[in-house]
Amino acid sequence: MPPVPLTQVHLSEPDFRPKDTRQDRFSTTRFLAWFLFFFYFSGVHQAIIYFSGIAGFFGLTQALVMSLLWLVPVMLFPARGKLIAGITGVVLWASSLFSMGYLALYRQDFSQSVIFIIFESNWAESSEFLHSYFAWWMLPALAIYTLIPWLIWRRLQPIGGKPVTRLLLTFTICLAVCWPMLDRVIINKESLANGFSEQVNSMEPVAPWQLVMGYVKYRQALSNVENRLLASDKPPLEGLADSNADTPSTLVLVIGESTNSRRMGIYGYYRDTTPRLKAMSDELLVFDQVYASRPYTVESLEQALSFADQLQPKLHLEMPTLVDVMKQAGYRTYWITNQQTQTQRNTLLTTFSKQADEQVYLNNNRSQNSAQYDEAVFRPFEDLLNRPESKKFILVHLIGTHRAYRYRYPDTFKIFNDNEDLPPWVRRKRHRREYNEYDNSIVYNDFVVASLIEQMKKSGQNGYLVYFADHGEEVYDYPHHLFAGREEAAPTPAMYSVPFLVWRSESWKRNNRIDVSYDMTHRIYSLSDFFHTWMDLAGISFSGFDPGKSIISRWYTPGPVLIGNPAKPDALVDVRQKFFPAAATPVTTMTGPAPEALQLPAPAYSPGYGAVTGAVPALDQWLLHP
Ligand SMILES: [Zn+2]
């Protein structure tokens, strides 16, 4: 038998070679397939954001680098690689749904505030929210979004390579992933803390770190607020004097929720959504140029109820708050809330309410239907009015016209059902329904606020009641962009215009005169300055009181009405600049010092915009002339 050529042996007897050498060699293609699988969960989101021009390239680069991290366990434990990838994939998929969902609804990247709101909300609130945003196309979109990574996962093959190769790769990946920190600490010789925060910044755009870091920051904020806001060793305000110290008085603050003043009849809206308040309007001071500083509850209220404002956003943690000052002035303080705060679960909002001497939580049952109408506050309000203390401060926090609007009012308040008088651009069935539901929730809110005023009036107590909403809400108000909700990155007047009403008892009016002879109700005003108006109304003075920030003071000064996230000071913008194109030239029709006298550090607005007397934002003009 002639000797068999060597090549032929190889071809005809492959069994002599170890099986699957091809599988054992490192394969770049297979490596890329694994990488693609992990990158998918952050990459799709960041790619959409980049290519639609919402944000720059940073997020996409970070997604590319940070997704490498998940390859490490796969390379260290190749035998279990697919299982590890499967589990990691599910976690990444689930956390990416938040940012993808947010992107689909708001066309914006996830922000810190949004993550905070997720952790502030409870289940009932979230399901209402999802319910109101749900659209049929979301189901197939979700199916496709899920199917793609599943198909990739099924085809994943071992990356291969010798242990040395895999270890070297692992080391390189760790180096790349940790580079932001190493760069700071080793190359630039900065502190470990700096390096760590750089690392956090780089990982934030990538799933699941967005949520993980968001949660860590939220917990930090919560414990910080708990420690500082509720601290008993806060120094009292110096020079505090109460001009009503010897008179029994009951002061009431009613805080509404998500109510755009331009959708209220009393503010000139074409539909009569506030018949009750309108009927008592000659007993009210109706301020029509008041704007929230932030479109979110906690963020807005922490400024409205303290010295904090857009330029000094942390003062609520450093200085006494409105509730602290009322206590210092000798008032017994009460906080009634129909917001969905759960006593068991600590949130920033519950922490805020704990400043008061006593709380009444009305909406705190987890299993309870979230449709708990605001009239639930009448009973406890009545009880508190009857309390014997001579000085009472009662804060009533309503759920107001919060989304989903149809859960905010009983059937008897289904006033607007027809579509005949809807704005012409509200055409789709779903939009028409929600538009009407929002107006109905405002009619019910009118009933609640007017009833609280009636209760106060009937009690015959000496004092006043102030009502404002924490922020507005856009509900298909503008033809060029049909949208319902709030979004700080895309502000509109509807999200910031808030009702601001003051009712005073006859005795209070006699003893605490406000010079209403000039038309103060058109003064432009930021809710973040409310603290000073409240103290002025109450007749409480102290060193550091700024009458320029009081809307009822004869020394009122039209100050900046800044909106935007104070964490990015150069992005703050003045309402006059943003919503009143006509006001771009200085208008100084108000009495008081000229606006030029203001010394303000932020560069993004001009103090020269002055007051916008009696005007409605250009975008909202149609509401007056449908
Ligand atoms: Zn709110």
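Along each chain, numbering runs from 1 in the same order as the chain's sequence is written. Reporting in this predicted model follows two pLDDT cut-offs: at least 70 for local features of residues, and 80 or more for side-chain atom pairs to be given and counted; totals over whole chains, interfaces and linings ignore these cut-offs and use all residues. Side-chain metrics rest on all non-hydrogen atoms present in the structure, leaving aside hydrogens and water.

(A) Layout of the overall build of the chain. By the criteria applied, helices consist of DSSP H or I runs no shorter than four residues and strands consist of E runs no shorter than two, each listed in order from the N terminus. Looking only at helices and strands, the chain features 24 helices and 15 strands. In the chain, buried positions account for 53% of the 626 residues. Across the chain, the fraction of contacts at a sequence separation of at least 24, relative to all contacts at a separation of at least 6, is 78%. Only the protein chains shown count as cover for residues, and the accessible areas themselves come from Shrake-Rupley with a 1.4 Å probe. For the chain, the computed accessible surface area is about 28300 Å², with 60% contributed by carbon and sulfur atoms. Buried means the residue's accessible area, taken with a 1.4 Å probe over protein chains only, is under 20% of the maximum for its type, while exposed means over 50%, and partly exposed covers the values in between. The contact rule is simple, with two residues in contact once any of their heavy atoms fall within 4.5 Å.

(B) Examining the sheet that holds strand 2 (residues 249–256) more closely. At least two bridges found by DSSP between two strands is the condition for calling them paired. The seven strands are arranged 3-11-8-2-7-5-6 in an open sheet whose pairing can be described as mixed. Edge positions in the sheet fall to strand 3 (284–287) and strand 6 (358–361), since each has one partner strand and no second. The sheet shows a mean angle of 15° between the axes of neighbouring strands, direction not considered. Where strand 3 meets strand 11 (residues 500–504), four bridges bridge the pair, whose relative direction is antiparallel. Within strand 11, the residue paired with Val286 across the bridge is Leu501. Strand contacts of helix 23 (residues 530–538): strand 2, strand 7 (391–397), strand 8 (463–469) and strand 11, with the helix running at about 165° to strand 8, the strand carrying the most contacts. Each axis is a line fitted through C-alpha atoms, taken for helices only over the stretch in contact, and angles between the N-to-C directions span 0 to 180 degrees.

(C) Expanded view of helix 23. Judged by how many residues are buried, helix 23 sits mostly within the fold: eight of nine residues are covered. Where helix 23 terminates, the next one or two residues include Gly539, which has phi positive at roughly 75°.

(D) Quick peek at the coordination of the zinc ion. Around the zinc ion, the protein supplies Glu257 (OE), Glu257 (OE), Thr297 (OG1), Asp470 (OD) and His471 (NE2) as donor atoms, at distances of 2.0 to 2.7 Å. The buried category is assigned to Thr297, whose relative accessible area is 15%. Only nitrogen, oxygen and sulfur atoms qualify as donors, provided they sit within 2.8 Å of the metal or within 3.2 Å for Na, K and Ca; with water excluded from the atoms, sites may seem incomplete.

(E) Structural context of the confidence of the model for the chain. The predictor's confidence in any single residue is recorded as pLDDT, a number from 0 to 100. This prediction gives the chain a mean pLDDT of 84; 86% of its residues lie at or above 70. A low-confidence stretch, residues 6–12 (pLDDT under 50), is modelled with three contacts involving residues beyond four sequence positions or located in other chains. Counting interchain partners and residues more than four positions distant, the pLDDT-below-50 stretch residues 583–614 has 61 contacts.

(F) Structural view of the pattern of salt bridges. Just to be clear on terms, a salt bridge is a Lys or Arg side-chain nitrogen sitting within 4 Å of an Asp or Glu carboxyl oxygen. In the structure shown here, the tally under the stated rule is 21 salt bridges. Put simply, Arg403 and Glu434 hold a salt bridge, and the shortest N to O gap is 2.9 Å. Here Glu434 lies in helix 20 (residues 429–459) and Arg403 lies in the loop between strand 7 and helix 20, a separation of 31 residues in the sequence. Assigned by exposure class, Arg403 and Glu434 land together as buried. A cluster of three or more residues bridged by salt bridges with shared partners is formed by Arg263, Arg271, Asp421, Asp439 and Asp477.

(G) View of the pairing of strand 5 (residues 332–337). Burial analysis of strand 5 places five of its six residues in the buried class, the great majority of the element. Of the strand pairs in this sheet, strand 5 and strand 7 are connected by six bridges, and their pairing is parallel. Along strand 7, the bridge assignment pairs Arg332 with Lys392. Note that strand 5 and strand 6 share four bridges and pair parallel.

(H) Examining the packing of helix 4 (residues 58–66) against helix 12 (residues 192–203) more closely. Their axes nearest at 9 Å, the elements helix 4 and helix 12 cross at an angle of 100°. Our classification of the angle between helix 4 and helix 12 gives roughly perpendicular. Along the contact surface, helix 4 presents Phe58, Gln62 and Met66, while helix 12 presents Gln199, Asn201, Ser202 and Met203. A class-by-class count of the residues in the contact of helix 4 with helix 12 yields three nonpolar, four polar and no charged. The cut-offs work like this: below 35 degrees is roughly parallel, past 145 is roughly antiparallel, 65 to 115 is roughly perpendicular, and the gaps in between are oblique. Residues were grouped as follows: Ala, Val, Leu, Ile, Met, Phe, Trp, Tyr, Cys and Pro as nonpolar; Asp, Glu, Lys and Arg as charged; and all remaining residues, including Gly, as polar.

(I) Inspection of the environment of Ala329 at higher detail. Considering the arrangement of structural elements, one finds Ala329 in the loop between helix 17 (322–328) and strand 5. Residue Ala329 is classed as buried on the basis of its relative accessible area of 13%. Sequence separation between Ala329 and Leu237 is 92 residues, and the spatial gap between their C-alpha atoms is 9.8 Å. Setting aside anything within four residues of it in sequence, one finds Ala329 in contact with Leu240, Asp242, Lys391 and Ile540.

(J) Molecular detail of the pairing of strand 8. Counting buried residues in strand 8 gives seven out of seven residues, a clear majority hidden from the surface. Alternating residues of strand 8 divide into Gly463, Leu465, Tyr467 and Ala469 and Tyr464, Val466 and Phe468, and every residue in both groups is buried. Judged from the seven bridges that link them, strand 2 and strand 8 form a sheet pairing that is parallel. Paired with Gly256 across the two strands is Ala469, which belongs to strand 8. Direction of pairing for strand 8 relative to strand 11: antiparallel, over a ladder of five bridges. Bridging across to strand 11, Val466 finds its partner in Val502.

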